[in-house]
Amino acid sequence: MEHLPVELIYRVISFAQQSDQHIHVSLSQVNRFFRSLVNSSPLFWTKIDFAYPIPLISLYIERSAHLPLDVIADNGVSTFWHQARERQDRTLECLALLRPHRHRIHRLRVRDVDAQFWGLDMRDMSRVPQPRPDPKDNFLWCHLLCNLEVLDLEFADWFINSDLDFPPVTTLRKVRLCGFWSKAHPSLLPPQLESLALADCTARTTAVILDHLVNLSLIRCPATVTQAILQCISLPQLFSLTIHFASVHDPTQALPTNHVVDATGVELFTQAQPTVQKLDISAFHTNNTFLEDTLQRLPNIIHLRIASASLRDDQLLLLSVGSVNEVPVTRVLCRQLTSLTIENEFDITSGALRRIAESRHAASIPLTALILRGLDGTKVTADDIEDLDTYGITELVVDVIYADFSGESDEDLWSGSEEADSSEGDWMSGDEKVVAGGS
């Protein structure tokens with residue numbers, strides 16, 4: 001091993017860190033060679049987690065030299081006061097260690113029950129134990145946090161005082177904010193932002209122009225708030241849009257509800273959005289008007305995913321060419337559509353899907369990928385599925401369930417490949433894991 005090129009060993013260790021981020025610590029205890037190699041390689045020490053012991057965090061900061069840092073502070077939520085106090089003390093210690101190195105932080109993910117220690121909540125500092133953070137030098141949004149590129153904030157309770165002045169972080173490219181909004185939040189969204197995810201937002205925002213935004217996700221936001229956000233944010237370059245609706249938050253409950261909601265009457269866009277090519281929409285039910293109006297204003301959609309929307313055949317047949325229930329379709333929706341994913345829709349039949357594929361193929365605007373998961377197996381026939389490949393579909397995934405929920409599934413019954421554009425597991429996707437047999 002010692003005779004191998006050092007660059008090759010670096011690559012092997014870096015690859016192994018993808019499955020075990022602490023493997024370099026273990027290797028440093030193997031022998032003198034590995035100890036010297038690991039301890040003198042700053043790149044192995046750039047990911048800092050608040051779950052580490054304080055001495056280890058200090059060691060990571062030292063050995064990472066001057067390289068950019070990736071910081072994770074997932075403090076979770078504790079219902080026991082003594083555990084909460086311990087967490088607060090640890091948070092203050094970790095922040096004290098990192099405070100001189102804020103200019104090195106390029107990625108920051110924070111999940112905490114309280115935002116006070118991070119300088120975002122200044123309403124009641126009397127509850128904060130000594131030493132209290134100085135409101136004029138909060139950890140976040142100061143001029144020292146000048147190289148931040150990725151920010152992920154999730155607080156159980158947070159509020160931004162509009163009197164605070166947030167210096168712009170012009171390096172930010174990707175932001176996820178989970179929590180209750182105030183009018184001051186737009187100051188956290190720089191115009192150069194490329195990816196934005198907003199979760200559990202219950203208040204409308206003011207007008208924001210995001211000229212470079214490519215990906216937008218609105219997760220567990222009420223339908224009216226979703227509408228307000230989309231209509232007040234200018235998105236001239238938007239490519240991908242994910243919407244996971246949620247019910248209006250009940251302040252008497254600890255967590256926001258996550259039920260399928262009625263989107264009837266909601267108008268997501270007032271004008272066409274020709275740059276959007278990918279739409280992922282879930283957790284709603286509505287009439288034909290909402291779906292038709294939304295798709296009409298997204299004329300260049302290539303990838304469409306609909307999940308948990310209580311769809312009927314006649315609603316899905318809006319994507320067909322010809323007629324629906326013997327009524328001619330005057331407009332062809334989504335002419336550029338090539339990939340269609342339908343998940344957790346128990347009223348959709350395979351006949352409707354075959355009709356869509358057949359009519360679009362005949363009109364020379366064929367689907368090439370069809371992903372079906374969580375459909376009612378009694379409404380899906382083998383004949384319909386087998387006919388799909390004759391209509392130009394080259395990528396097919398079918399996974400159905402049955403009413404008895406016995407745990408047995410027809411997964412891969414009709415072949416297919418894994419969907420390249422699945423959003424499952426992505427931080428930008430907020431819907432629950434697909435309901436499917438065997439899950």
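Quick note: structure is the one above.
Owing to the predicted nature of the structure, the values given are computational and were not obtained by experimental measurement.

Draft legend 1. Just the overall build of the protein chain, in detail. Each helix and strand in the protein chain was counted, giving 10 helices and 19 strands. Expressed as a percentage of its 439 residues, the buried residues of the protein chain come to 48%. If you take every contact in the protein chain between residues at least 6 apart in sequence, the share linking residues at least 24 apart comes to 64%. In the form shown here, the protein chain has an accessible surface area of approximately 21100 Å², with 52% of it arising from carbon and sulfur atoms.

Draft legend 2. Structural detail: the pairing of strand S6 (residues 195-199). Here S6 lies mainly inside the structure; 5 of its 5 residues are buried. Here S6 shows no split at all, with Ser195, Ala197 and Ala199 on one side and Leu196 and Leu198 on the other all buried. Pairing of strand S5 (residues 174-178) with S6 involves 5 bridges; the strand directions are parallel. When the sheet's bridge partners are listed, cysteine 178 is paired in S6 with alanine 199. Note that S6 and strand S8 (residues 215-221) share 5 bridges and pair parallel. Considered in S8, the bridge of alanine 199 is made with isoleucine 219.

Draft legend 3. Quick look at the environment of proline 68. Within the secondary structure, proline 68 sits in the loop between helix H4 (54-63) and strand S2 (69-76). Residue proline 68 is classed as partly exposed on the basis of its relative accessible area of 38%. In this structure proline 68 touches Thr46, Arg104 and His106, once residues within four positions along its chain are discounted.

Draft legend 4. Molecular detail of the environment of valine 208. You can see valine 208 is positioned in strand S7 (residues 208-209). Classification of valine 208 as buried rests on a relative accessible area of 8%. In this structure, the C-alpha to C-alpha distance between valine 208 and proline 190, residues 18 residues apart in sequence, is 9.1 Å.

Draft legend 5. Quick look at the pattern of salt bridges. By the definition in use, this model includes 14 salt bridges. The partner of arginine 297 in a salt bridge is glutamate 267, with the nearest N and O atoms 3.4 Å apart. Remark: glutamate 267 occurs in the loop between strand S11 (261-262) and strand S12 (278-282) and arginine 297 occurs in the loop between helix H7 (288-296) and strand S14 (303-307); sequence separation between them is 30 residues. Here glutamate 267 falls in the partly exposed class, since its relative accessible area comes to 35%. One salt bridge connects arginine 312 with aspartate 314, and the closest N-O pair in it is separated by 3.0 Å. According to the relative accessible area criterion, arginine 312 is partly exposed, its value standing at 38%. Taking the relative accessible area as the measure of exposure, aspartate 314 reaches 19% and is therefore buried.

Draft legend 6. Structural detail: a negative patch on the surface. There is a patch of like negative charges on the surface, built from Asp383, Glu386, Asp387 and Asp389. Position of glutamate 386 relative to the elements: it lies in helix H10 (residues 382-387).

Draft legend 7. Just the packing of aromatic side chains, in detail. In this structure the tally under the stated criterion is 5 aromatic pairs. Centre to centre, the rings of phenylalanine 245 and phenylalanine 284 are 5.8 Å apart; their planes meet at 70 degrees, and the pair counts as edge-to-face. Residue phenylalanine 245 is located in strand S10 (residues 240-245), and its partner phenylalanine 284 is located in strand S13 (residues 284-285); the two are separated by 39 residues in the primary sequence. Here phenylalanine 245 matches phenylalanine 284 in class, with each residue buried. Its guanidinium or amino end placed over the ring of tryptophan 45, arginine 63 lies 4.9 Å from that ring's centre, counting from NZ or CZ.

Draft legend 8. Looking closely at helix H6 (residues 223-232). Of all 10 residues in H6, 7 are buried, a share of seventy percent or more. Inspection of H6 places Ala223, Val225, Thr226, Ala228, Ile229, Leu230 and Cys232 among the buried residues, and these make up the whole buried set. Tucked inside the fold, the buried residues of H6 contact S6, S7, S8, strand S9 (233-234), S10 and S11.

Draft legend 9. Unusual backbone geometry, seen in detail. Even without glycine at this site, alanine 283 takes up a positive phi of about 65 degrees. Residue position: alanine 283 is located in the loop between S12 and S13. A positive phi angle is found at asparagine 344, which is not glycine, with a value near 55 degrees. Along the chain, asparagine 344 falls in the loop between strand S17 (339-343) and helix H9 (350-362).

Draft legend 10. Just the environment of aspartate 280, in detail. Along the chain, aspartate 280 turns up in strand S12. With a relative accessible area of 5%, aspartate 280 lands in the buried category. Each C-alpha atom of the pair aspartate 280 and serine 217 lies 9.0 Å from the other, and the pair is 63 residues apart in sequence.

Draft legend 11. Region of interest: the nonpolar core. Core analysis: the biggest nonpolar cluster contains 100 residues, and Leu196, Leu216, Leu230, Phe245, Leu304, Ile306 and Leu319 have the highest contact counts within it. In terms of residues, this core owes the most to one element, H6, which gives 5 residues.

Draft legend 12. Focus on H7. Looking at H7, one finds that the buried residues are Phe290, Leu291, Thr294 and Leu295. Seen end-on, H7 carries its buried residues on one side only, within an arc spanning 115 degrees. Structurally, H7 contributes buried residues whose contacts are with S10, S12, S13, S14 and helix H8 (313-316).

Procedures and definitions
Residues numbered from 1 in each chain as written. Predicted model: local features only at pLDDT ≥ 70, side-chain atom pairs only at ≥ 80, totals over all residues. Heavy atoms only, no water. Helix = DSSP H or I, 4+ residues; strand = E, 2+ residues; numbered from the N terminus. Buried < 20%, exposed > 50% of the residue type's maximum accessible area, 1.4 Å probe, protein only. Contact = heavy atoms within 4.5 Å. Areas by Shrake-Rupley, 256 points an atom, 1.4 Å probe, with all protein chains shown as cover. Pairing = 2+ DSSP bridges. Salt bridge = Lys/Arg side-chain N within 4 Å of Asp/Glu carboxyl O. Patch = residues over 30% accessible without salt bridge, like charges linked within 9 Å, V, L, I, M, F, W, Y side chains within 5 Å. Lys, Arg positive; Asp, Glu negative; His and termini not counted. Charge placed at Lys NZ, Arg CZ, Asp CG, Glu CD. Phe/Tyr/Trp six-rings, centres within 6.5 Å; stacked < 30°, edge-to-face > 60°. Lys NZ or Arg CZ within 6 Å of the ring centre and 35° of its normal. Core = buried A, V, L, I, M, F, W, Y, C linked by side-chain atoms within 4.5 Å. Arc of directions from axis to C-beta.

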